[in-house]
Amino acid sequence: MAEFVIMPRQGQSVETCILGQWYKEVGDTVKSGDLLFSYETDKAAFDEEAKSDGVLLAIFYNPGDEVPVLANIGLIGEAGEEFELPEQQSSAETPEASDEVAKVIEFSLDPDQGGDERIRISPLARNMAIKLGVDYTVLEGTGPQGRIIARDVESYSLNEKSYKTGRELYGPDEISPINKTESNILPENIVLRQEYDLKPLTNIRKLIAKSMHQSLQNSAQLTHHLSADARKLLSYRKKFKADFQTGKISENITINDMVCYAVIRSLKKFPQVNAHFMGDQMKIFRKVNLGFAVDTDRGLMVPALKDADDLSIGGLSNQLGKLADNCRKGNINPDLLNPEAASFTVSNLGNYGVEIFTPVINLPQTAILGVNTIIPRPMDLGDGVYGFVPMIGLSLTYDHRALDGGEATRFLSDIAREIENLVFVS
Amino acid sequence: MPKNQYIDPKSVRKPGMIEFRPVPVNQYNRTIKEERTRYSDDDLMRIYHDMRMIREFETMLNLIKIRGEYNGIAYNHPGPAHLSIGQEAAAVGMAYTLSVDDFIFGSHRSHGEILAKGLSAIHQLNDEQLSQIMRSHFNGATLRPVATDHKGSVKSLAVKFLLYGTLAEIFARKTGFNKGLGGSMHAFFTPFGVYPNNAIVGGSGDIAVGAALFKKVNRKKGIVVANIGDASMACGPVWEGISFATMDQFSELWDGDMKGGLPLIINIMNNQYGMGGQTCGETMGYGIAARIGAGVNEDQMHAERVDGYNPLAVIDAYVRKRKLIEEKRGPVLLDVLTYRYSGHSPSDASSYRSKEEVEAWEAADSIAWFGQELINEGIASEEVLQKVDEEITSIVSWALKLAIDDEVSPHMDMKNQPDLIGEMMFSNESIDRLEDRAPEVNHPMEENPRVKQLASKERFAFDVQGKPHSKIKNYVVRDGIFEAIIDRFYKDPTLIAYGEENRDWGGAFAVYRGLTEALPYHRLFNSPISEAAIVGTAIGYAMCGGRVVPEIMYCDFLGRAGDEVFNQLPKWQAMSGNVLKMPVVLRVSVGSKYGAQHSQDWTALAAHIPGLKVVFPVTPYDAKGLMNSALQGTDPVIFFESQRVYDMGELFHEEGVPEGYYEIPIGEPDVKRRGNDVTILSIGATLYRALEAADILSEKYNLSAEIIDARSLVPFNYQTVIDSVRKTGRIVVTGDASTRGSFLRELASTITELAFDYLDAPPVVVGSRNWITPAYELEEYFFPQASWIVDAIHQRILPLNGHQSSIDFSESAQLERNARGI
C-alpha cells in the first residue's frame, strides 16, 4: 500500500511552505530516516526524512513551488505499484489589486473666500440653529478660524432684527465673549435644554424586550385566576419568622418560599405543565427546574433553580434567596437565566399589593404562575356562618397550544389545595 | 534600616575571605535494586505509568500540531503547544512527594508538571475528596462530559478528569480547567495544588515567592515549588524574586514562629536550551545552574544539581530538601538536569543542535531505561509494560476525542454572549476580610501615636468663617490614605504591606508613619529595591487568598515592574476562568521636582491594559474613600498618588473627611465646582490648577467653569461628563501626563464620540509637553498651568476678549509639533 509524503506543518501560522529540493528522484529506493526533501517557511529551513520504506513512485511538486501544508507532495510505495494522483491543491492566490480611487470632497474653510463654500459651524451651533429656525448661512462666526459657534446663533435669535455679524458686533480683531446680563444668563443651554433623555437600552433590557414580545407573538396565552385560603400560609409564616429570629432555623422562610414549595408539589403531579412546548413535541421534565422572577436594578431576571423538587422548605428558601441575591449583585451564572433552564416559572407581585395580573410565559415553557397579594374575602365558615378569610390570589397563564383549559384549571386548583394543606414538620 | 542592627565599621572593614561550600552535582548513586527498600513495586510501577502518560499526552499534541492527527483522530489546533517530551522523569520526580497543600507554579512548558502533580494528588486523595473536587469545579462542568459513560473507580475517573480538563483547556474549550481562557501555556488546577503556569519566561520566578510568603505569613501548610527554565535564570524578575526570597530579615528580624526562611523551592527544569540558545556554553556563564545558589546567601540556597533523567534521584532530593524547609531553612535551589527532544515549539527546526546530540539523549531516555530496570528487577514483564502503554494510548485517544467534540466540549458562546469575557475581567466583590481570625497587631488602634495625632487635625480646610486653617493643623491627603490602610490592617488578618522603606521610615512620603508601631514585621516590612519582585510577590500572595498593598514609590519605576503590572496582575482573574481573585492595591506616586526620571504621570500605561482598575485621588476625602473601596474589593487597583498634594487639606467636602469608614465607588468622576459655560475635566493634581483657571475665567471673562475631577480612570462613568458638556457645550481635558497617547486624549476622543452634537468645539487637551520633565525651576514650562487652560479655551474653543496667550495652541503648531514628534 503506497503512502503519500506530506508537506509537514511547522507551526500554526504557516499555511504554505516553499519546497527546497528533492534528495531522491522518482524511482529511487527510499528507507525510513533517509533525507527526502528540504523545504522552508518564512522563518527557517528544514530537512524532512522519509517516514516509510519503499520506492519514490511520484512527486507532485517541484523545487521552488509554494505548497500548502499537509498537502501530498509525493508517494512512496512498492516498485510498479499502481496509484491514483491526488487532486492538486492550488497554491496561494494573490488577490487582484483594486484600482478604485478614493474620492475626496474638496472645500475651503477660509471664511474670506465667500461663495458657496462649506460653512464652518460647530455641531452645537448647527443644532441650535435648526431648532430655533435660524438660517445659519447668513451668520458670521466668532469662533476659532471664524467657526460659527453657539453664541453666534444665540445672539442672532435673541435679537434677529438688529442682528449684526460677530465682526460688526465685536470688531474684526477684538473678540469678546457675549455680555452676560441677568436676563440672558441661562442655567442651561436654551436650545438644547432637554425635553427628554435618550437612554440606550441595557443588554438585559433588550433581552427582556425581545423575549416578552416573542412570547406574546408566538404562543396562545390566556390566564385563569383563582384564590386559595391563606390562613395556613400566614400562620406558618408567623412561626418561621419567630423561629428565625430566635435562631431555631437558619432561613427566613417567606410566603413566596412556601408558595413555590406548593407549586413544586403540584408540578410533580402535573408533568405536562412542567414542560417545554417544542412545536411538534413536548419536552417533559423529570425534575422541577423552577424559574422565579427577580426584580433587580438592571431589570427583570428569571433565574432557574435546578432540581428544586429535591429540596426541603429550608433548602428551597436558602437556594431561592441565594439566586435572587446573585441576580441583584450581577454575578448570576448566565446559563441559569436562559428560559430553557427552567421548566416552569413563578412570578410573585403579592408584595407590591397587586391583586390580579396576567404574567407572560417564558417560552418555551408552557405556563407561568402569578402570585398576588393576600386579601380578606368573605367565606362560608360552615353552618351558614360567613366570615372574612385571607385569600391569596393565583393567576396561571398557560399556552393553549400545550395545555387545555381543563388541565390548566385542575393544575391551578391543585396548587390552591397544596397551599391550603401545607404541612411542615419542625 | 532597623536601628537594632548596628553596622560596626571595625568589623566590616576587617580583611578576610568568603568561603564557599562545594555544590553537589549528580551525587545520587543508588540503584533501583537498592531503592526497593524505599519503594514498593506499586510505587515504581506508578512512576513508570505517570512518566509514560506524560510522554503519550505530549506526543499526541505534537502529532496534532505537525500532522493534524493522532491515532486516526484528526484535529486542527491553531494555538501553542510547548512540549516537554524527554522531561518526564524530572516532572514526575518533582511531583511525587508533594501533597495537595504543596503548590507548584510553572512555565510555558508545563503540561508534564500539571499531569505529574495531578496524578500524584489523585493518588493521595481519597474517593470522597476527589468526588468533591471534581463535582464542585465550575459546578461539575468539567466533570460532566467525563462522567458520562464512565465505568470504574473514582480514581480512574479522576485520571480521566485530569487529562480531559487539561486538554480541553489547551483547546480553549469552555469545559477546560480554566474555561479555555488560559490555554496551553497558562493551564492550572488549584485543587490539586497546581498553580498558574506562565507564558512569560521566568514569570513564576517572583509570583511563586509571593505564594511562599502567603504560606509563611498566614501559617499555611505546604511548600511552594517554582518550576522555571534554565534560561529564565537570566531574567531580572527571577533574580529579584530570589533576592526577595532570601532576605536576611526572615531569620534576623521576624519574630517568634515567623522567624525563618520561606517554604520555597526554586526548581530549575534545566533542559539546557532557552528556545534555540544553549545556556551552558553560549547564552549563560554559570556552566552548571546550581552554581547560582552559592552567590545568593550564606546557605547557598542549599543548591545542588540533580540528575533529572532519573526520577528516583529527583524524589531523593525533594525528600532531603523538604526536611530543610520544615526546619525553616529555606529557600532551596534545585538544578534538575533534563533534555527535551521536541523543539521549543512545533515550528522549531532544531537547527541549533545536532542530530547526534538528540539521538544520544534519546538513547538514554528515562522512560525506556526505567522500564528496562523494572523488567531486570522482575517487577514487571515486557507484556505488563506494554499493557500499561496500550491503556495510556487508549485513554489519551479517548480524551482527545472528547475534548474536540464541539457538542460536549464547546468553546465559550461568544456569539450569543458577546461580552462574556468582558464580564470576567473583574471579580467586583466586596469583602471585609479574606480570612476570619483576629488580625495580628501590636496594640489597639486607638493607642497608635499617628491615630492619636490625627484626632486633633482639622478635617475641613476652612473654619466656620471660611478662613483657612494653618497648614500644620490640616488633615491632609497622606492622612486619608493612612486611615484607610490602618483600618483595613485591623479588619483583615491577611493584609500585608511592603515596599522600599515602608517600615521604620514610614515610606518615602510618610504615608505609613505610625504603622511600624502598630504591626509586627511580617505584616509590614521593607523589601529589596526590586519593583518586579515587589509586585510579582504581591500577585502570588493574592492568588493564594491574601490581600496586599505593595508600594513602588515613584510612578517612573512602573517600568521596572513592567511584566508584573502589565502581563500578570491584570490577567490572572480572567485567564483563570475566574478561579483566582487578585486583591492587590499597588500604590504608585507621581513625583515632581526630581527631573526626568522621577516626575512622570504614567496613568495611561496602566489604563491601557485591560484588567486593571486605575484611580488617582487628590483630595483627602477622595483618597480615603477610594482606598477604602480598593481595599474592600477583590480586583487589582493601581492607586496613583501625587507628591505635589500629599500636604493638601480638604477643600471640597464641607462636612470634613469622616472619621469613620466610607467608600467612594471606583469609576465615578466628581464635580468639584459647578459652572455653566465651560467644563474642565482634570486627572490628578492638575485639579488645583484647573481651579485657578476657573477663577481667571470668572474674574476676567465672566465665564463660569464647571470643574470635574476624574478621580478614577478605569472604570470611568462618562455620564457625569456628558451631562456637563450638554450644559456647557465646551470642554478642556487636563492633567500632568505628557499629552501624546495620554488618558487625557482617550477622554477627549470618547467625549467627542458621545457628545458630538452638543459640542461647540472639539474637546481640547491640555497636558504636559512631549519632552523630558525638566528641573523644578523649569517645570512651569512643562506641566500644564492655569494660564495654559485659559489659552487653550481662547484659541480653540471660545475667543476671549483681550486675552493674551502665552502658549501656542493653534492648529498649525499642533501639526508642526506632531510632525517633529515633540
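None of the values given here were measured: they were computed from a predicted structure.

## Quick word on the overall build of chain A
Argument step 1. Along chain A, the regular secondary structure elements total eight helices and 18 strands.
Argument step 2. Looking at chain A as a whole, 32% of its 426 residues qualify as buried.
Argument step 3. Residue pairs at least 24 apart in sequence account for 60% of intrachain contacts in chain A once pairs closer than 6 positions are excluded.

## Points about the overall build of chain B
Argument step 1. Within chain B, the secondary structure is distributed over 30 helices and 22 strands.
Argument step 2. Taking 822 residues into account, the globule formula puts the C-alpha radius of gyration at 28 Å, and chain B, at 30 Å, falls close to it.
Argument step 3. Based on the C-alpha atoms only, the size of chain B along its principal axes is roughly 100 × 70 × 50 Å.
Argument step 4. Of all 822 residues assigned to chain B, the portion counted as buried reaches 54%.
Argument step 5. When contacts within chain B are restricted to residue pairs at least 6 apart in sequence, those whose partners lie at least 24 apart make up 76%.

## Observations concerning the sheet that holds strand β15 (residues 613–615) of chain B
Residues and elements named next belong to chain B.
Argument step 1. Spatial strand order, β12-β11-β13-β14-β16-β15-β20: seven strands in an open sheet with mixed pairing. Strands with a single pairing partner mark the edges of an open sheet, and in this sheet they are β12 (524–526) and β20 (712–714). Ignoring which end each strand starts from, the neighbouring axes of this sheet average 20 degrees apart.
Argument step 2. Here strand β11 (residues 496–499) pairs with β12 via three bridges, running parallel. When the bridges of β12 are listed, Gly499 appears paired with Asn526.
Argument step 3. On top of the sheet, helix α21 (residues 531–543) reaches β11, β13 (548–554) and β14 (585–590); it is set at about 165 degrees to β13, its chief contact.

## Concerning the domain arrangement of chain B
Interface size is often expressed as the accessible area that is lost when the parts come together.
Residue and element names in this part refer to chain B.
Argument step 1. Once the domains are mapped, chain B shows domain 1 (35–407), domain 2 (445–642) and domain 3 (670–820).
Argument step 2. Computed from C-alpha atoms alone, the centre-to-centre distance between domain 2 and domain 3 is 28 Å.
Argument step 3. Taken together, the 22 residues of domain 2 in the interface contact 22 residues of domain 3.
Argument step 4. At the level of secondary structure, the elements contributing two or more residues to the side of domain 2 that touches domain 3 comprise α24 (603–608), β15, α25 (620–632) and β16 (637–642).
Argument step 5. Of the residues belonging to the side of domain 2 that touches domain 3, the class tally is 12 nonpolar, six polar and four charged.

## Quick notes on the sheet that holds strand β6 (residues 54–59) of chain A
Argument step 1. Spatially, β1-β8-β6-β3 (chain A) is the arrangement adopted by the four strands of the open sheet, whose pairing is antiparallel. Edge strands, defined here as strands with exactly one partner in the open sheet, are β1 (3–6) and β3 (29–30) of chain A.

## A closer look at the pairing of strand β19 (residues 705–709) of chain B
Residues and elements named next belong to chain B.
Argument step 1. Counting buried positions along β19 gives five out of five residues, so the element sits mostly inside the fold.
Argument step 2. Burial along β19 is two-sided: the residues Ala705, Ile707 and Asp709 and Glu706 and Ile708 are all buried.
Argument step 3. Of the pairings in the sheet, the one linking strand β18 (residues 678–683) to β19 comprises five bridges and is parallel in character. Bridged to Thr679 within β19 is Glu706.

## Brief notes about the environment of Arg478 of chain B
Argument step 1. Looking at where Arg478 of chain B falls in the secondary structure, it is placed in helix α19 (residues 477–489).
Argument step 2. Not counting chain neighbours up to four residues away, the residues in contact with Arg478 of chain B comprise Phe509, Ala510, Val511 and Tyr646 of chain B.

## Description of the environment of Ile7 of chain B
Residue and element names in this part refer to chain B.
Argument step 1. Take Ile7: it is sitting in the segment before α1 (9–12).
Argument step 2. According to the C-beta neighbour criterion, Ile7 is exposed, with 7 such atoms within 10 Å.
Argument step 3. Residues Ile7 and Gly193, 186 residues apart in the sequence, show an inter-C-alpha distance of 43 Å.

## Brief notes about the confidence of the model for chain A
All names here are of chain A.
Argument step 1. In this model, chain A carries a mean pLDDT of 81, and residues with pLDDT of at least 70 account for 82%.
Argument step 2. Every residue in residues 89–94 is under pLDDT 50, and counting partners more than four places away or in other chains gives nine contacts.
Argument step 3. The low-confidence segment residues 170–193, where pLDDT is below 50, has 34 contacts with residues more than four positions distant or belonging to other chains.

## Here we look at helix α1 (residues 123–132) of chain A
Argument step 1. Among all positions of α1 of chain A, only Leu124, Ala125, Asn127, Met128 and Ala129 of chain A are buried.
Argument step 2. Backbone geometry just after α1 of chain A places Gly133 of chain A at a positive phi near 70 degrees.

## Describing unusual backbone geometry
Argument step 1. For the bond running from Leu363 of chain A to Pro364 of chain A, omega is 5 degrees, close enough to zero to count as cis.
Argument step 2. For Pro364 of chain A, the position within the fold is in the loop between β16 (344–348) and β17 (367–382).
Argument step 3. Cis peptide bonds are those with omega within 30 degrees of zero, and the linkage from Val714 of chain B to Pro715 of chain B qualifies with -10 degrees.
Argument step 4. Its location among the elements puts Pro715 of chain B in the loop between β20 and α27 (719–728).
Argument step 5. One non-glycine residue, Arg711 of chain B, lies in the positive phi region at around 60 degrees.
Argument step 6. Relative to the elements of secondary structure, Arg711 of chain B occurs in the loop between β19 and β20.
Argument step 7. Looking at Arg711 of chain B, the number of C-beta atoms within 10 Å reads 27, which means it is buried.

## Looking at helix α29 (residues 786–797) of chain B
Residues and elements named next belong to chain B.
Argument step 1. With 12 residues, α29 should reach 16 Å at 1.5 Å per residue; the first-to-last C-alpha distance of 16 Å fits that figure.
Argument step 2. Within α29, burial applies to Trp788, Ile789, Val790, Asp791, Ala792, Ile793, His794, Gln795, Arg796 and Ile797.
Argument step 3. On its buried side, α29 packs onto β18, α26 (687–701), β21 (731–738) and β22 (764–768).

## So, the packing of helix α8 (residues 154–170) of chain B against helix α16 (residues 382–403) of chain B
All names here are of chain B.
Argument step 1. At a closest axis distance of 9 Å, the pairing of α8 and α16 adopts a crossing angle of 45 degrees. Here α8 lies oblique to α16, going by the angle between them. The handedness of the crossing between α8 and α16 comes out as right-handed. Of α16, the residues touching α8 (which contributes Lys160, Leu163, Tyr164, Leu167 and Ala168) are Ile395, Val396, Ala399, Leu400, Leu402 and Ala403.
Argument step 2. Looking at the contact of α8 with α16 residue by residue, the classes come out as 10 nonpolar, no polar and one charged.

## Re the environment of Ala289 of chain B
All names here are of chain B.
Argument step 1. Considering the arrangement of structural elements, one finds Ala289 in the loop between β8 (277–278) and α12 (291–296).
Argument step 2. With 25 C-beta atoms packed within 10 Å, Ala289 lands in the buried category.
Argument step 3. Through-space distance from the C-alpha of Ala289 to that of Thr279 is 8.9 Å; in sequence the pair is 10 residues apart.

## A short note on the packing of helix α4 (residues 88–96) of chain B against helix α5 (residues 111–124) of chain B
The geometry of a pair of packed helices is captured by two quantities: the angle between their axes and the separation between those axes.
Residue and element names in this part refer to chain B.
Argument step 1. As a packed pair, α4 and α5 sit with axes 8 Å apart at the nearest point and diverge in direction by 35 degrees. Between α4 and α5 the crossing geometry is right-handed. For the pair α4 and α5, contact is made by Glu88, Ala91, Val92, Met94, Ala95 and Tyr96 and by Gly112, Glu113, Ala116, Lys117 and Ser120, respectively.

## A look at the confidence of the model for chain B
Argument step 1. For chain B, the average pLDDT comes to 95, and 100% of its residues sit at 70 or higher.
Argument step 2. For this predicted complex, the interface confidence score (ipTM) comes to 0.74, while the overall pTM stands at 0.75.

## Some points on the nonpolar core
Argument step 1. Ala211 and Leu264 of chain B are the most contacted members of the largest nonpolar core, which totals 254 residues.
Argument step 2. Not counting residues within four places of it along the chain, the set of residues in contact with Ala211 of chain B comprises Phe103, Phe105, Tyr195, Val224, Gly540, Met543 and Cys544 of chain B.
Argument step 3. Judged by nonpolar contacts, the second largest core, of 56 residues, contains Phe292, Ala342, Ile374 and Ala402 of chain A.

About the cut-offs
Just so you know, the residues in each chain are numbered from 1, in the order the chain's sequence is written. Lettering for chains starts from A, numbering for ligands starts from 1, and both go in the order in which the items are written. For a predicted model such as this one, the threshold for reporting local features is a pLDDT of at least 70, and the threshold for listing and counting side-chain atom pairs is 80 or more; totals across whole chains, interfaces and linings nevertheless cover every residue. Only DSSP runs of H or I with at least four residues qualify as helices, and only runs of E with at least two residues qualify as strands; both kinds are numbered from the N terminus onward. Note on burial: count the other C-beta atoms lying within 10 Å of the residue's C-beta; 20 or more is buried, 12 or fewer is exposed, in between is partly exposed, and C-beta positions come from the backbone. Two residues qualify as being in contact provided that their C-beta atoms, derived from the backbone, are within 7 Å of each other. We take the radius of gyration over the C-alpha atoms and set the globule estimate at 2.2 Å times the residue count to the 0.38 power. Strands pair, by our definition, only if DSSP identifies at least two bridges between them. For every element, the axis is a line fit to its C-alpha atoms; helices are fit only across the contacting stretch, and the angle between N-to-C directions ranges from 0 to 180 degrees. The split into domains, and so the bounds of each, comes from an automatic or database assignment of domains. By the convention adopted, Pro, Cys, Tyr, Trp, Phe, Met, Ile, Leu, Val and Ala count as nonpolar, Lys, Arg, Asp and Glu as charged, and the other residues, Gly among them, as polar. Scored between 0 and 100, pLDDT is the confidence that the predictor attaches to each residue. Here the expected span of a helix is defined as 1.5 Å times the quantity of residues minus one. Comment on the angle field: the value is read as roughly parallel under 35 degrees, roughly antiparallel over 145, roughly perpendicular from 65 to 115, and oblique elsewhere. Left-handed describes a crossing in which the near helix is turned anticlockwise from the far one by less than a right angle; the clockwise case is right-handed. Defined on buried residues, the nonpolar core groups Ala, Val, Leu, Ile, Met, Phe, Trp, Tyr and Cys residues joined through C-beta atoms within 7 Å.

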